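Architecture and fold: a report
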Amino acid sequence: MAEKQDYFFIDNRIVSIILAIIPFTAWICGFITRFKEGKIVAGIIRVIPFCGLLIWIVDLVLMILRGRIWRLLNV
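What you see is a predicted model; the values in this text were computed from it and never measured. (Residues numbered from 1 in each chain as written. Predicted model: local features only at pLDDT ≥ 70, side-chain atom pairs only at ≥ 80, totals over all residues. Heavy atoms only, no water.)

**A few points about the packing of aromatic side chains**
Evaluated as defined, the whole model comprises one aromatic pair. Here the aromatic rings of Phe-31 and Phe-35 are separated by 4.6 Å at their centres, their planes lie at 50 degrees, and the arrangement is tilted. One end of the pair is Phe-31 and the other is Phe-35, both in helix 2 (residues 23–36) and four residues apart, which spans about a single turn. Here Phe-35 falls in the partly exposed class, since its relative accessible area comes to 32%. (Phe/Tyr/Trp six-rings, centres within 6.5 Å; stacked < 30°, edge-to-face > 60°. Helix = DSSP H or I, 4+ residues; strand = E, 2+ residues; numbered from the N terminus. Buried < 20%, exposed > 50% of the residue type's maximum accessible area, 1.4 Å probe, protein only.)

Next up, the structure:
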């Protein structure tokens, strides 16, 4: 069975990369994904303007390379 991808656990990597390229959808998808995992602080950090921009860039690179978003805080 294929490994589940991030952003609502979408199996299609191309769709996940497209969602990661668009800043607004990447922020919203990352925020919701982290909240669904129970990581409230990590979700809030994703919507803070300057932190969110840095995390978006790292998420974009990692989504293209690994198919997963960056787990900054795993608490």
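**So, the packing of helix 2 against helix 3 (residues 40–47)**
Two packed helices can be described by the angle between their axes and the distance between those axes. Axis separation between helix 2 and helix 3 bottoms out at 7 Å; the angle between their running directions is 170 degrees. With respect to their mutual orientation, helix 2 and helix 3 come out roughly antiparallel. Where helix 2 approaches helix 3, its residues Trp-27, Gly-30, Phe-31, Arg-34 and Phe-35 are matched on the opposing element by Ile-40, Ala-42, Gly-43, Ile-44, Arg-46 and Val-47. Residues of the contact of helix 2 with helix 3, tallied by class, amount to seven nonpolar, two polar and two charged. (Axes fitted to C-alpha atoms, helices over the stretch in contact; angles between N-to-C directions. Parallel < 35°, antiparallel > 145°, perpendicular 65-115°, else oblique. Contact = heavy atoms within 4.5 Å. Nonpolar A, V, L, I, M, F, W, Y, C, P; charged D, E, K, R; others polar.)

Nothing here speaks to function; it is geometry throughout.
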